[in-house]
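Chain and residue survey
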Amino acid sequence: MAFMEKPPAGKVLLDDTVPLTAAIEASQSLQSHTIVRRYSDFDLLNNSLQIAGLSLPLPPKKLIGNMDREFIAERQKGLQNYLNVITTNHILSNCELVKKFLDPNNYSANYTEIALQQVSMFFRSEPKWEVVEPLKDIGWRIRKKYFLMKIKNQPKERLVLSWADLGPDKYLSDKDFQCLIKLLPSCLHPYIYRVTFATANESSALLIRMFNEKGTLKDLIYKAKPKDPFLKKYCNPKKIQGLELQQIKTYGRQILEVLKFLHDKGFPYGHLHASNVMLDGDTCRLLDLENSLLGLPAFYRSYFSQFRKINTLESVDVHCFGHLLYEMTYGRPPDSVPVDSFPPAPSMAVVAVLESTLSCEACKNGMPTVSRLLQMPLFSDVLLTTSEKPQFKIPTKLKEALRIAKECIEKRLIEEQKQIHQHRRLARAQSHHGSEEERKKRKILARKKSKRSALENSEEHSAKYNNSNNSGSGASSPLTSPSSPTPPSTSVTCHLPVCQQEEDICITSTSSTSTTTSSSLASCEHRGTCPALVSGCEWREPRGLAQLYPEFPKRNFEESQNL
């Protein structure tokens, strides 16, 4: 499908990986969508997140004196800190509970119910399959659901059915999309986990694979059970321990080989992480090739979208491989990216690969290629023995469709990176101008300007006064007095309205920002025609010599005005 072609109706444009940041502010100053939450809502969210095993800093309850201003201000700071801890945790910030709490308008649907409806329709045409049980929340995606399956004539064999709807990066036409999904079971590679069955419609896809009791590479690292919920398995591991050096070398080489195979075939991937690598004995097998066809956002998108040099799917795969290698080495993900310094590793060769993919210099200058990583000392001496020959035949027409879709995915990534870069510059500028030092500088400059302006005005008034005394003579000169002021022109004094801050406490989310301003003009009547004035302004009478000194004759006043 061409880039400018209208997307299908079933495509979900919302990117679930966009991180939400929340701020508790007074309701008058909001410039984005607002949600109102009571303390009981925070308490309910906190209880739901206890499955993660984390100690979250929710402020305690208070029954007496909970309306005091000092207590409300203190609780506001505590709740803000609580939200900061949640939104900066990569796993918690992507879970459905937090998304629904911070953005209920976009996450109000029951995705499990939708998945059940789609799976039920599938079983009508394929009666040989039967659902054993739903595998609730074993994955991190909100719109992807899993079910444990069996074949009726083989009741002891267990399979896993995965259902997912379309994402914002789905650019294939419906026909090409369905053809490529149905082509996945024919993909044979020693390091790709085979698809048993695959089908798709205009809004979603359904795939069935064999269930593996050992689980994924992430389950091995975190010593977790595959059927447990994602939050329980990976948020707070009981023991943090990396893999042995030989395992790191072997698994890393296998993953790089399959990435090179997909890149050579022109098949976009971009979804590498430890939960997408299945362990089959001592062999790693890649999962979820369908994600790029569905247009789903990547697990690490919030990381690589920060760096403008990571702008192709090949460089995305290499950067994600750096995350995976870090997790295999240290038994946990990096605290932040880019990584300034790496802890001691089993080998300096491991650190060399990590520096080429996760360091500040790598993120700033760009990623190496997969071929370059295969030539590095950590992987170059690993011997792989496999008898299975890779096989994945993609028709020429579908290869062209994949190429166009890949370009569109990369174009959206570049546009997002550009917006993030502009937002960072604006945030830095606002932070700079809002600092205490800058405020003091502006106050000093304002005082100097005010003094300079006052001095200039006094000199100007003095010059006008001298000119009025020295101009003209005889009867044509108007009568003047040394103590009489210069007749001022018509003036308008504006009193700007001051907005009073309300006591309401709200939460604002920066995922969708929109500013609406309105202005009103108030007309005022005064002795004939008068221009419209800003609301809150006060009209003043024109004042001349006749008003100041009523005893002056009218003729003299007219002559004074002419002068």
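This section reports on the structure supplied with the text. (Residues numbered from 1 in each chain as written. Predicted model: local features only at pLDDT ≥ 70, side-chain atom pairs only at ≥ 80, totals over all residues. Heavy atoms only, no water.)

**A look at the overall build of the chain**
- If you tally the helices and strands in the chain, you get 20 helices and 14 strands.
- Residues classed as buried in the chain amount to 43% of the 563 residues present.
- Sequence separation of at least 24 residues holds for 70% of the intrachain contacts in the chain that already meet a minimum separation of 6.
- Of the roughly 31,700 Å² of accessible surface on the chain, 52% is carried by carbon and sulfur atoms. (Helix = DSSP H or I, 4+ residues; strand = E, 2+ residues; numbered from the N terminus. Buried < 20%, exposed > 50% of the residue type's maximum accessible area, 1.4 Å probe, protein only. Contact = heavy atoms within 4.5 Å. Areas by Shrake-Rupley, 256 points an atom, 1.4 Å probe, with all protein chains shown as cover.)

**Some words on the pairing of strand β7 (residues 204-210)**
- Counting buried residues in β7 gives six out of seven residues, a clear majority hidden from the surface.
- As paired elements, strand β5 (residues 154-165) and β7 share seven bridges and run antiparallel to each other. Bridge pairing in β7 links Val160 to Arg209.
- One ladder, built from four bridges, connects strand β6 (residues 197-200) with β7; its direction is antiparallel. (Pairing = 2+ DSSP bridges.)

**Remarks on the side chain of Arg301**
- Along the polypeptide, Arg301 turns up in helix α11 (residues 301-304).
- With a relative accessible area of 4%, Arg301 lands in the buried category.
- Once you skip the residues sitting within four places of it in the chain, Arg301 turns out to touch Asp15, Thr17, Asp169, Arg412, Leu413 and Glu416.

**Description of unusual backbone geometry**
- Between Val337 and Pro338 the backbone carries a cis peptide bond, its omega angle lying at 5°.
- Inspection of the secondary structure puts Pro338 in the loop between α12 (313-330) and α13 (348-358).
- Phi at Asp137 is positive, roughly 60°, even though this residue is not glycine.
- You can see Asp137 is positioned in the loop between β3 (129-135) and β4 (144-151).

**Here we look at a positive patch on the surface**
- There is a patch of like positive charges on the surface, built from Arg439, Lys440, Arg442, Lys443, Arg447 and Lys451.
- For Arg442, the position within the fold is in helix α18 (residues 436-470). (Patch = residues over 30% accessible without salt bridge, like charges linked within 9 Å, V, L, I, M, F, W, Y side chains within 5 Å. Salt bridge = Lys/Arg side-chain N within 4 Å of Asp/Glu carboxyl O. Lys, Arg positive; Asp, Glu negative; His and termini not counted. Charge placed at Lys NZ, Arg CZ, Asp CG, Glu CD.)

**Focus on helix α6 (residues 174-183)**
- Listed as buried for α6 are Asp176, Phe177, Leu180, Ile181 and Leu183. The buried residues of α6 occupy one face: seen down the axis, they fall within an arc of 160°. Of the residues in α6, the exposed ones pointing more than 90 degrees away from the buried face are Lys175 and Lys182.
- Buried residues along α6 sit in contact with β6, β7, α10 (290-294) and α17 (396-433). (Arc of directions from axis to C-beta.)

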